[in-house]
Amino acid sequence: MREISINDSITLKYIPMTKLKTTTVGLYIHRPLRKEEASMNAVLPFLLCRGCRLCPDAEAVSKYLENLYGAWFCGTVTKRGEDHIIYFDAETISDKYSPDGGKPLSELLKLMLSAAFEPNAKDGAFDEAILEQEKANAKNRILASMNDKQSYASKRCIEEMCAGEAFAVPRLGTAEGVDAIGAKSLYSYYRSIITSSPIDIYICGDADADEAAELVRGYIKGMEFTTPVLPQTEILKNSSPVKNVTEEMDITQGKLAIGFRTNIRPTDADFPAFTVMNSIFGAGAHSKLFNNVREKLSLAYYAMSQPETLKGLLIAQAGIEFQNFESARDETLAQLEEIKKGNITEHEFNASVSAIINALEGYYDNPRAMREFYLGEYISGTNRDIETVKQQILAVTPEDAAKAAAKLELDTVYFLKGKGDESHGA
(Lines give C-alpha, C1' and ligand atoms only; values in the text may rest on other atoms or scores of the structure.)
Protein backbone atom coordinates (compact mmCIF):
# COMPACT_ATOMS: atom_id res chain seq x y z
CA MET A 1 0.00 0.00 0.00
CA ARG A 2 1.23 3.48 -0.88
CA GLU A 3 0.40 6.54 1.25
CA ILE A 4 0.26 10.12 -0.05
CA SER A 5 -0.12 12.95 2.44
CA ILE A 6 -2.59 15.57 1.19
CA ASN A 7 -2.26 17.77 4.29
CA ASP A 8 -2.07 17.29 8.07
CA SER A 9 -5.66 15.96 8.12
CA ILE A 10 -6.08 14.00 4.88
CA THR A 11 -4.15 10.98 3.63
CA LEU A 12 -4.71 9.13 0.37
CA LYS A 13 -3.90 5.41 0.49
CA TYR A 14 -3.54 3.45 -2.71
CA ILE A 15 -3.81 -0.34 -2.74
CA PRO A 16 -2.87 -1.72 -6.19
CA MET A 17 -5.22 -4.52 -7.32
CA THR A 18 -4.43 -4.54 -11.02
CA LYS A 19 -6.16 -7.80 -11.96
CA LEU A 20 -9.60 -6.34 -11.21
CA LYS A 21 -11.72 -4.48 -13.75
CA THR A 22 -13.19 -2.11 -11.20
CA THR A 23 -11.80 0.52 -8.84
CA THR A 24 -13.31 1.19 -5.43
CA VAL A 25 -12.94 4.31 -3.32
CA GLY A 26 -13.63 4.83 0.37
CA LEU A 27 -13.52 8.17 2.20
CA TYR A 28 -13.41 7.82 5.99
CA ILE A 29 -13.98 10.66 8.47
CA HIS A 30 -12.86 9.58 11.95
CA ARG A 31 -14.71 10.83 15.03
CA PRO A 32 -14.39 9.83 18.70
CA LEU A 33 -17.36 7.68 19.69
CA ARG A 34 -19.49 9.97 21.88
CA LYS A 35 -23.13 9.87 22.91
CA GLU A 36 -23.59 13.54 22.02
CA GLU A 37 -22.30 13.02 18.46
CA ALA A 38 -23.40 9.49 17.57
CA SER A 39 -26.87 10.26 16.22
CA MET A 40 -25.59 13.16 14.10
CA ASN A 41 -22.82 10.97 12.70
CA ALA A 42 -25.43 8.34 11.84
CA VAL A 43 -27.58 10.80 9.87
CA LEU A 44 -24.87 12.90 8.17
CA PRO A 45 -23.50 10.54 5.49
CA PHE A 46 -26.95 9.66 4.19
CA LEU A 47 -27.90 13.33 4.08
CA LEU A 48 -24.69 14.35 2.33
CA CYS A 49 -25.28 11.77 -0.40
CA ARG A 50 -28.64 13.37 -1.25
CA GLY A 51 -27.09 16.38 -2.99
CA CYS A 52 -24.03 18.60 -3.27
CA ARG A 53 -22.57 21.37 -5.42
CA LEU A 54 -21.73 18.95 -8.25
CA CYS A 55 -25.09 17.13 -8.14
CA PRO A 56 -27.75 19.25 -6.41
CA ASP A 57 -30.26 16.48 -5.74
CA ALA A 58 -30.67 12.71 -5.63
CA GLU A 59 -31.88 12.56 -9.23
CA ALA A 60 -28.78 14.38 -10.42
CA VAL A 61 -26.59 12.01 -8.40
CA SER A 62 -28.31 9.02 -10.02
CA LYS A 63 -27.85 10.39 -13.55
CA TYR A 64 -24.22 11.23 -12.84
CA LEU A 65 -23.54 7.64 -11.76
CA GLU A 66 -25.33 6.24 -14.83
CA ASN A 67 -22.97 8.23 -17.03
CA LEU A 68 -20.06 6.53 -15.25
CA TYR A 69 -21.12 3.12 -16.60
CA GLY A 70 -23.41 2.36 -13.69
CA ALA A 71 -21.03 3.45 -10.95
CA TRP A 72 -22.09 3.04 -7.34
CA PHE A 73 -21.97 5.59 -4.50
CA CYS A 74 -23.38 5.66 -0.97
CA GLY A 75 -22.65 6.82 2.55
CA THR A 76 -23.00 5.14 5.94
CA VAL A 77 -21.51 4.99 9.43
CA THR A 78 -19.55 2.35 11.30
CA LYS A 79 -17.51 2.03 14.44
CA ARG A 80 -14.09 0.47 14.92
CA GLY A 81 -13.38 0.30 18.60
CA GLU A 82 -14.15 3.79 19.88
CA ASP A 83 -13.56 5.32 16.45
CA HIS A 84 -16.95 6.36 15.00
CA ILE A 85 -16.49 6.62 11.25
CA ILE A 86 -18.58 8.54 8.73
CA TYR A 87 -17.70 7.10 5.35
CA PHE A 88 -18.52 7.14 1.68
CA ASP A 89 -18.18 4.08 -0.52
CA ALA A 90 -17.99 4.13 -4.33
CA GLU A 91 -17.06 1.92 -7.27
CA THR A 92 -16.68 2.28 -11.03
CA ILE A 93 -14.87 0.55 -13.88
CA SER A 94 -11.11 1.04 -14.01
CA ASP A 95 -9.93 3.82 -16.31
CA LYS A 96 -8.20 1.43 -18.70
CA TYR A 97 -11.53 -0.27 -19.45
CA SER A 98 -13.36 2.98 -20.19
CA PRO A 99 -14.76 2.55 -23.75
CA ASP A 100 -14.39 6.23 -24.61
CA GLY A 101 -10.98 6.80 -23.05
CA GLY A 102 -12.45 8.77 -20.17
CA LYS A 103 -11.40 8.77 -16.54
CA PRO A 104 -14.27 7.29 -14.49
CA LEU A 105 -12.22 7.25 -11.29
CA SER A 106 -11.58 11.00 -11.38
CA GLU A 107 -15.24 11.71 -12.11
CA LEU A 108 -16.37 9.43 -9.29
CA LEU A 109 -13.86 10.97 -6.90
CA LYS A 110 -15.21 14.42 -7.78
CA LEU A 111 -18.68 13.34 -6.69
CA MET A 112 -17.38 11.89 -3.44
CA LEU A 113 -15.34 15.01 -2.64
CA SER A 114 -18.23 17.29 -3.49
CA ALA A 115 -20.54 15.33 -1.18
CA ALA A 116 -17.98 15.48 1.63
CA PHE A 117 -16.82 19.09 1.24
CA GLU A 118 -19.56 20.91 -0.74
CA PRO A 119 -22.92 19.85 0.69
CA ASN A 120 -26.20 21.54 -0.07
CA ALA A 121 -26.94 24.18 2.54
CA LYS A 122 -28.63 27.56 2.64
CA ASP A 123 -28.51 30.26 5.30
CA GLY A 124 -26.38 28.08 7.55
CA ALA A 125 -28.73 25.10 7.51
CA PHE A 126 -29.41 21.85 5.69
CA ASP A 127 -32.71 21.45 3.84
CA GLU A 128 -35.41 20.80 6.46
CA ALA A 129 -37.52 18.45 4.31
CA ILE A 130 -34.60 16.26 3.28
CA LEU A 131 -33.29 16.18 6.85
CA GLU A 132 -36.67 15.01 8.16
CA GLN A 133 -36.67 12.21 5.58
CA GLU A 134 -33.21 11.09 6.64
CA LYS A 135 -34.11 11.31 10.32
CA ALA A 136 -37.04 8.97 9.64
CA ASN A 137 -34.72 6.63 7.74
CA ALA A 138 -32.23 6.73 10.62
CA LYS A 139 -34.89 5.71 13.13
CA ASN A 140 -35.99 2.91 10.82
CA ARG A 141 -32.41 1.61 10.75
CA ILE A 142 -32.33 1.67 14.54
CA LEU A 143 -35.62 -0.27 14.65
CA ALA A 144 -34.34 -2.77 12.08
CA SER A 145 -31.25 -3.39 14.20
CA MET A 146 -33.52 -4.23 17.14
CA ASN A 147 -35.52 -6.65 15.03
CA ASP A 148 -32.39 -8.69 14.28
CA LYS A 149 -32.42 -10.45 17.63
CA GLN A 150 -29.05 -12.18 17.20
CA SER A 151 -27.35 -8.85 16.56
CA TYR A 152 -29.45 -7.19 19.25
CA ALA A 153 -28.39 -9.68 21.93
CA SER A 154 -24.73 -9.19 21.08
CA LYS A 155 -25.15 -5.41 21.16
CA ARG A 156 -26.94 -5.52 24.50
CA CYS A 157 -24.27 -7.77 25.98
CA ILE A 158 -21.62 -5.26 24.91
CA GLU A 159 -23.65 -2.36 26.32
CA GLU A 160 -23.79 -4.13 29.68
CA MET A 161 -20.09 -5.00 29.57
CA CYS A 162 -19.07 -1.47 28.65
CA ALA A 163 -21.60 0.54 30.66
CA GLY A 164 -20.00 3.91 31.27
CA GLU A 165 -17.46 3.38 28.49
CA ALA A 166 -17.59 5.03 25.09
CA PHE A 167 -17.85 1.65 23.33
CA ALA A 168 -21.37 1.20 24.72
CA VAL A 169 -22.62 4.06 22.52
CA PRO A 170 -24.64 2.53 19.63
CA ARG A 171 -23.25 2.83 16.11
CA LEU A 172 -26.57 4.18 14.84
CA GLY A 173 -27.16 6.53 17.75
CA THR A 174 -30.56 6.58 19.42
CA ALA A 175 -34.06 7.52 18.33
CA GLU A 176 -34.09 10.29 20.92
CA GLY A 177 -30.79 11.62 19.64
CA VAL A 178 -32.06 11.59 16.07
CA ASP A 179 -35.23 13.46 17.07
CA ALA A 180 -33.13 16.21 18.62
CA ILE A 181 -31.23 16.99 15.40
CA GLY A 182 -32.04 20.33 13.77
CA ALA A 183 -31.14 21.57 10.30
CA LYS A 184 -28.98 24.40 11.65
CA SER A 185 -27.39 22.44 14.48
CA LEU A 186 -26.44 19.57 12.18
CA TYR A 187 -24.90 21.92 9.63
CA SER A 188 -22.97 23.69 12.37
CA TYR A 189 -21.72 20.32 13.61
CA TYR A 190 -20.74 19.30 10.08
CA ARG A 191 -18.77 22.54 9.62
CA SER A 192 -16.95 21.95 12.90
CA ILE A 193 -15.82 18.38 12.12
CA ILE A 194 -15.04 18.42 8.40
CA THR A 195 -11.79 20.35 8.89
CA SER A 196 -10.89 19.01 12.35
CA SER A 197 -11.12 15.23 11.84
CA PRO A 198 -8.62 12.73 10.42
CA ILE A 199 -9.76 11.79 6.89
CA ASP A 200 -8.50 8.80 4.93
CA ILE A 201 -9.20 8.15 1.27
CA TYR A 202 -8.59 4.56 0.16
CA ILE A 203 -8.37 3.66 -3.53
CA CYS A 204 -8.29 -0.03 -4.46
CA GLY A 205 -7.71 -1.11 -8.04
CA ASP A 206 -5.62 -0.04 -11.03
CA ALA A 207 -5.35 3.73 -10.69
CA ASP A 208 -3.09 6.76 -11.00
CA ALA A 209 -2.68 7.63 -7.33
CA ASP A 210 -0.75 10.84 -8.00
CA GLU A 211 -3.51 12.14 -10.27
CA ALA A 212 -6.11 11.31 -7.64
CA ALA A 213 -4.06 13.09 -4.96
CA GLU A 214 -3.86 16.24 -7.09
CA LEU A 215 -7.62 16.15 -7.58
CA VAL A 216 -8.13 16.02 -3.81
CA ARG A 217 -5.71 18.89 -3.27
CA GLY A 218 -7.65 20.95 -5.78
CA TYR A 219 -10.95 20.36 -3.99
CA ILE A 220 -9.69 21.43 -0.58
CA LYS A 221 -7.64 24.39 -1.80
CA GLY A 222 -8.38 27.40 0.37
CA MET A 223 -9.86 25.36 3.23
CA GLU A 224 -8.19 25.65 6.64
CA PHE A 225 -7.67 22.37 8.49
CA THR A 226 -6.51 21.75 12.04
CA THR A 227 -4.12 18.91 12.87
CA PRO A 228 -6.38 16.16 14.27
CA VAL A 229 -5.70 13.10 16.40
CA LEU A 230 -7.03 9.66 15.47
CA PRO A 231 -9.57 8.49 18.11
CA GLN A 232 -8.07 5.95 20.50
CA THR A 233 -9.85 3.00 22.09
CA GLU A 234 -9.56 2.47 25.83
CA ILE A 235 -9.22 -1.18 26.85
CA LEU A 236 -10.19 -1.78 30.46
CA LYS A 237 -9.93 -4.80 32.74
CA ASN A 238 -12.99 -6.05 34.57
CA SER A 239 -12.70 -5.43 38.29
CA SER A 240 -16.32 -6.25 39.19
CA PRO A 241 -18.25 -9.52 39.59
CA VAL A 242 -19.71 -11.25 36.55
CA LYS A 243 -22.90 -9.55 35.37
CA ASN A 244 -25.95 -11.73 34.75
CA VAL A 245 -28.59 -9.94 32.69
CA THR A 246 -31.95 -11.31 31.52
CA GLU A 247 -34.41 -9.46 29.29
CA GLU A 248 -37.79 -10.49 27.91
CA MET A 249 -39.26 -9.93 24.47
CA ASP A 250 -42.02 -11.43 22.39
CA ILE A 251 -39.77 -14.04 20.75
CA THR A 252 -39.85 -17.79 20.19
CA GLN A 253 -36.08 -18.46 20.27
CA GLY A 254 -33.81 -17.44 23.12
CA LYS A 255 -30.58 -15.54 22.46
CA LEU A 256 -27.56 -16.16 24.65
CA ALA A 257 -24.57 -13.84 24.55
CA ILE A 258 -21.56 -14.39 26.82
CA GLY A 259 -19.01 -11.58 26.95
CA PHE A 260 -15.35 -11.98 27.82
CA ARG A 261 -12.56 -9.46 28.30
CA THR A 262 -9.64 -10.80 26.25
CA ASN A 263 -6.86 -8.75 27.91
CA ILE A 264 -5.10 -8.85 24.54
CA ARG A 265 -4.56 -5.82 22.32
CA PRO A 266 -4.00 -6.01 18.54
CA THR A 267 -0.46 -4.73 19.12
CA ASP A 268 0.37 -7.52 21.60
CA ALA A 269 2.68 -10.33 20.58
CA ASP A 270 0.03 -12.94 21.37
CA PHE A 271 -2.69 -11.35 19.24
CA PRO A 272 -2.14 -13.85 16.36
CA ALA A 273 -2.55 -16.65 18.91
CA PHE A 274 -5.81 -15.08 20.07
CA THR A 275 -7.02 -15.01 16.44
CA VAL A 276 -6.35 -18.74 16.11
CA MET A 277 -7.88 -19.42 19.51
CA ASN A 278 -11.11 -17.68 18.54
CA SER A 279 -11.31 -19.77 15.37
CA ILE A 280 -10.92 -22.92 17.43
CA PHE A 281 -13.51 -21.72 19.93
CA GLY A 282 -16.34 -20.57 17.70
CA ALA A 283 -15.45 -19.15 14.27
CA GLY A 284 -16.65 -21.84 11.90
CA ALA A 285 -17.97 -25.35 11.33
CA HIS A 286 -14.67 -26.74 12.64
CA SER A 287 -15.00 -24.99 16.01
CA LYS A 288 -15.72 -26.41 19.43
CA LEU A 289 -18.91 -24.40 19.89
CA PHE A 290 -20.34 -25.55 16.57
CA ASN A 291 -19.44 -29.20 17.00
CA ASN A 292 -20.30 -29.56 20.68
CA VAL A 293 -22.93 -27.02 21.70
CA ARG A 294 -24.80 -27.24 18.39
CA GLU A 295 -24.07 -30.59 16.74
CA LYS A 296 -23.18 -33.09 19.48
CA LEU A 297 -25.47 -31.86 22.28
CA SER A 298 -28.15 -30.10 20.17
CA LEU A 299 -28.30 -27.25 22.65
CA ALA A 300 -28.38 -24.46 20.05
CA TYR A 301 -29.60 -23.56 16.57
CA TYR A 302 -26.33 -21.69 16.09
CA ALA A 303 -23.24 -21.34 18.28
CA MET A 304 -20.36 -19.04 17.47
CA SER A 305 -17.91 -16.48 18.81
CA GLN A 306 -17.15 -13.01 17.48
CA PRO A 307 -14.26 -10.78 18.64
CA GLU A 308 -14.28 -7.02 19.04
CA THR A 309 -10.53 -6.96 18.69
CA LEU A 310 -9.96 -3.21 18.98
CA LYS A 311 -11.85 -3.14 22.28
CA GLY A 312 -10.45 -6.41 23.65
CA LEU A 313 -13.78 -8.24 23.82
CA LEU A 314 -15.04 -11.64 22.71
CA ILE A 315 -18.75 -12.46 22.48
CA ALA A 316 -19.93 -16.09 22.35
CA GLN A 317 -23.45 -16.37 20.96
CA ALA A 318 -26.09 -19.05 20.68
CA GLY A 319 -29.72 -19.28 19.57
CA ILE A 320 -31.44 -21.63 22.02
CA GLU A 321 -34.69 -22.98 23.41
CA PHE A 322 -35.49 -21.06 26.57
CA GLN A 323 -35.16 -24.14 28.79
CA ASN A 324 -31.63 -24.80 27.51
CA PHE A 325 -30.16 -21.61 28.97
CA GLU A 326 -28.07 -23.14 31.77
CA SER A 327 -26.94 -26.10 29.68
CA ALA A 328 -25.88 -23.92 26.73
CA ARG A 329 -24.15 -21.42 29.00
CA ASP A 330 -22.28 -24.07 30.94
CA GLU A 331 -21.23 -25.99 27.83
CA THR A 332 -19.98 -22.81 26.17
CA LEU A 333 -17.81 -22.07 29.20
CA ALA A 334 -16.69 -25.72 29.36
CA GLN A 335 -15.48 -25.60 25.75
CA LEU A 336 -13.39 -22.53 26.52
CA GLU A 337 -11.91 -24.38 29.50
CA GLU A 338 -10.95 -27.23 27.19
CA ILE A 339 -8.93 -24.81 25.07
CA LYS A 340 -7.32 -23.32 28.18
CA LYS A 341 -6.25 -26.83 29.20
CA GLY A 342 -4.71 -27.40 25.78
CA ASN A 343 -7.29 -29.98 24.73
CA ILE A 344 -7.24 -29.00 21.08
CA THR A 345 -7.42 -31.70 18.43
CA GLU A 346 -5.13 -31.69 15.42
CA HIS A 347 -8.15 -31.24 13.16
CA GLU A 348 -9.50 -28.28 15.18
CA PHE A 349 -6.13 -26.54 15.10
CA ASN A 350 -5.29 -27.16 11.44
CA ALA A 351 -8.79 -26.31 10.25
CA SER A 352 -8.73 -23.08 12.27
CA VAL A 353 -5.40 -21.95 10.82
CA SER A 354 -6.52 -22.90 7.29
CA ALA A 355 -9.78 -20.95 7.67
CA ILE A 356 -7.91 -17.80 8.68
CA ILE A 357 -5.36 -18.14 5.87
CA ASN A 358 -8.09 -18.75 3.30
CA ALA A 359 -9.97 -15.66 4.49
CA LEU A 360 -6.82 -13.55 4.15
CA GLU A 361 -6.17 -14.93 0.66
CA GLY A 362 -9.72 -13.99 -0.30
CA TYR A 363 -8.96 -10.33 0.29
CA TYR A 364 -6.89 -10.28 -2.89
CA ASP A 365 -10.12 -10.74 -4.87
CA ASN A 366 -12.27 -8.43 -2.75
CA PRO A 367 -11.30 -4.75 -2.83
CA ARG A 368 -13.69 -3.73 -0.05
CA ALA A 369 -12.40 -6.48 2.24
CA MET A 370 -8.85 -5.40 1.38
CA ARG A 371 -9.69 -1.81 2.20
CA GLU A 372 -11.31 -2.77 5.50
CA PHE A 373 -8.28 -4.89 6.37
CA TYR A 374 -5.87 -2.01 5.94
CA LEU A 375 -8.24 0.38 7.72
CA GLY A 376 -8.31 -1.95 10.72
CA GLU A 377 -4.54 -2.22 10.71
CA TYR A 378 -4.25 1.56 10.65
CA ILE A 379 -6.74 2.15 13.47
CA SER A 380 -5.19 -0.54 15.67
CA GLY A 381 -1.67 0.75 15.08
CA THR A 382 -0.38 -2.61 13.85
CA ASN A 383 0.03 -1.57 10.20
CA ARG A 384 0.72 -5.10 8.92
CA ASP A 385 0.23 -6.31 5.38
CA ILE A 386 -1.57 -9.53 4.54
CA GLU A 387 1.56 -11.61 4.02
CA THR A 388 2.89 -10.55 7.44
CA VAL A 389 -0.38 -11.58 9.10
CA LYS A 390 -0.31 -14.92 7.31
CA GLN A 391 3.20 -15.63 8.57
CA GLN A 392 2.20 -14.68 12.11
CA ILE A 393 -0.81 -17.02 11.99
CA LEU A 394 1.26 -19.89 10.58
CA ALA A 395 3.76 -19.46 13.45
CA VAL A 396 1.09 -20.00 16.13
CA THR A 397 1.16 -23.33 17.99
CA PRO A 398 -1.67 -25.07 19.88
CA GLU A 399 0.16 -24.14 23.09
CA ASP A 400 0.10 -20.48 22.07
CA ALA A 401 -3.66 -20.68 21.47
CA ALA A 402 -4.19 -22.22 24.90
CA LYS A 403 -2.17 -19.44 26.56
CA ALA A 404 -4.24 -16.82 24.76
CA ALA A 405 -7.44 -18.51 25.96
CA ALA A 406 -6.13 -18.48 29.53
CA LYS A 407 -6.15 -14.65 29.45
CA LEU A 408 -9.90 -14.48 28.81
CA GLU A 409 -12.04 -13.34 31.74
CA LEU A 410 -15.79 -13.85 31.92
CA ASP A 411 -17.51 -10.48 32.20
CA THR A 412 -21.22 -10.70 31.32
CA VAL A 413 -23.86 -13.35 30.62
CA TYR A 414 -26.81 -11.92 28.73
CA PHE A 415 -30.00 -13.89 27.98
CA LEU A 416 -32.90 -12.68 25.85
CA LYS A 417 -35.96 -14.86 26.49
CA GLY A 418 -39.64 -14.91 25.70
CA LYS A 419 -42.18 -12.89 27.60
CA GLY A 420 -43.61 -14.79 30.52
CA ASP A 421 -41.14 -17.67 30.22
CA GLU A 422 -40.52 -19.01 33.71
CA SER A 423 -38.21 -21.89 32.83
CA HIS A 424 -34.91 -20.17 33.49
CA GLY A 425 -33.21 -16.81 33.98
CA ALA A 426 -29.65 -15.60 33.96
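Every value quoted in this text rests on a predicted model; they were computed, and no experiment measured them. (Residues numbered from 1 in each chain as written. Predicted model: local features only at pLDDT ≥ 70, side-chain atom pairs only at ≥ 80, totals over all residues. Heavy atoms only, no water.)

Visitor: Any chance you could break down the sheet that holds strand β9 (residues 302-308) for me, citing the residues and the numbers?
Guide: Taken in spatial order, the 5 strands make up an open sheet running β7-β11-β8-β10-β9, and their pairing is mixed. Two strands bound the open sheet, and with one partner strand each, they are β7 (243-249) and β9. Strand-to-strand twist across the sheet, computed as the mean angle between neighbouring axes with direction ignored, equals 15°. In this sheet, strand β10 (residues 313-320) lies alongside strand β8 (residues 254-261) in antiparallel orientation, the contact comprising 8 bridges. Counterpart to Phe260 in the pairing with β10 is Leu314. (Pairing = 2+ DSSP bridges. Helix = DSSP H or I, 4+ residues; strand = E, 2+ residues; numbered from the N terminus. Axes fitted to C-alpha atoms, helices over the stretch in contact; angles between N-to-C directions.)

Visitor: So, empty space enclosed by the protein: which residues are in play, and what are the values?
Guide: Here the idea is plain: a probe the size of a water molecule rolls over the atoms and shows the empty space left. In the structure shown here, the tally under the stated rule is 3 cavities of 30 Å³ or more. Approximately 50 Å³ is the volume attributed to the largest cavity. Taken together, Asp95, Leu105, Ser106, Leu109, Ala207, Asp208, Glu211 and Ala212 make up the lining of the largest cavity. Among the elements that take part in the lining of the largest cavity, helix α3 (residues 104-117) stands out by supplying 3 residues, more than any other. In the lining of the largest cavity, the residues fall into 4 nonpolar, 1 polar and 3 charged. (1 Å grid on protein atoms, 1.4 Å probe; cavity = no way out; pocket = protein on both sides within 12 Å on 5 of 7 lines; lining within 4 Å. Points joined across faces, edges and corners; volume = space filled by probe spheres on them. Nonpolar A, V, L, I, M, F, W, Y, C, P; charged D, E, K, R; others polar.)

Visitor: Talk me through the UniProt feature "domain: Peptidase M16 C-terminal" (unreviewed entry) in the chain; I want residue IDs and the actual numbers.
Guide: When the UniProt feature table is mapped onto this chain numbering, "domain: Peptidase M16 C-terminal" (unreviewed entry) sits at residues 182-353. A helix fraction of 40% and a strand fraction of 22% characterise residues 182-353, whose end C-alpha atoms lie 50 Å from each other. (UniProt positions renumbered as here; feature names shortened; annotations may be inferred.)

Visitor: With reference to specific residues and values, describe the packing of aromatic side chains.
Guide: Under the definition given, this model contains 12 aromatic pairs. Pairing Tyr28 with Tyr87 gives two aromatic rings, centres 5.0 Å apart and planes at 15°, and the pair type is stacked. Here Tyr28, found in strand β3 (residues 22-32), pairs with Tyr87, found in strand β5 (residues 83-93); they are 59 residues apart in sequence, far enough to count as distant. Each member of the pair, Tyr28 together with Tyr87, is buried. A network of ring pairs unites the aromatic residues Tyr28, Tyr87 and Tyr202 as a single cluster. Geometry around Phe167 places Lys79 over its ring, the cationic atom sitting 4.2 Å from the centre. (Phe/Tyr/Trp six-rings, centres within 6.5 Å; stacked < 30°, edge-to-face > 60°. Buried < 20%, exposed > 50% of the residue type's maximum accessible area, 1.4 Å probe, protein only. Lys NZ or Arg CZ within 6 Å of the ring centre and 35° of its normal.)

Visitor: Would you mind going over the packing of helix α12 (residues 346-362) against helix α14 (residues 386-394) in detail, with residue names and values included?
Guide: The geometry of α12 relative to α14 is characterised by a closest axis approach of 10 Å and an angle of 175° between their N-to-C directions. By the angle class used here, α12 and α14 are roughly antiparallel. Here Val353, Ile356, Ile357, Leu360 and Glu361 of α12 come into contact with α14, specifically with Ile386, Val389, Lys390, Ile393 and Leu394. In terms of residue class, the contact of α12 with α14 is made up of 8 nonpolar, no polar and 2 charged. (Parallel < 35°, antiparallel > 145°, perpendicular 65-115°, else oblique. Contact = heavy atoms within 4.5 Å.)

Visitor: Account for the nonpolar core, naming residues and giving values.
Guide: The biggest cluster of nonpolar side chains holds 71 residues, and the ones touching the most others in it are Met277 and Phe281. Sort the elements by how many residues they give to this core and helix α9 (residues 271-282) lands first, with 7 residues. Excluding its chain neighbours within four sequence positions, the residues that come into contact with Met277 are Leu314, Leu336, Ile339, Ala401, Ala404, Ala405 and Leu408. Listed in part, the 63 residues of the second largest apolar core include Val61, Phe73, Ile203 and Ile220. (Core = buried A, V, L, I, M, F, W, Y, C linked by side-chain atoms within 4.5 Å.)

Visitor: How would you sum up α9? Please name residues and give values.
Guide: The terminal C-alpha atoms of α9 lie 17 Å apart, and with 12 residues this matches the ideal 16 Å at 1.5 Å per residue to within 8%. The buried count for α9 comes to 11 of 12 residues, which makes it a mostly enclosed element. Along α9, the residues classified as buried are Phe271, Pro272, Ala273, Phe274, Val276, Met277, Asn278, Ser279, Ile280, Phe281 and Gly282. (Expected span 1.5 Å × (residues − 1).)

Visitor: Quick one: what's the story with the environment of Ser327, residue by residue and with numbers?
Guide: Among the secondary structure elements, Ser327 is positioned in helix α11 (residues 325-340). Accessibility expressed as a relative area gives 37% for Ser327, which makes it partly exposed. Residues Ser327 and Phe274, spaced 53 residues apart in sequence, show a C-alpha to C-alpha distance of 26 Å.

Visitor: Let's hear about the pairing of β3: which residues, and what values?
Guide: Among the 11 residues of β3, 9 are classified as buried, and the element is accordingly described as predominantly covered. Note: β3 against strand β6 (residues 199-205), 6 bridges, orientation antiparallel. Bridging across to β6, Tyr28 finds its partner in Asp200.

Visitor: Any details on helix α2 (residues 58-66)? Residues and values, ideally.
Guide: Buried within α2 are the following residues: Val61, Tyr64 and Leu65. Seen along its axis, α2 keeps its buried residues to an arc of 95°; they face one direction. Exposed and facing more than 90 degrees away from the buried side of α2 are Glu59 and Glu66. The inward-facing, buried residues of α2 contact β4 (72-80) and α3. The opening residue of α2, the one whose side-chain oxygen lies 3.2 Å from the backbone nitrogen of Glu59, is Asp57. (Arc of directions from axis to C-beta. Polar contact = N/O pair within 3.5 Å; in protein donor to acceptor, adjacent residues only side chain to side chain.)

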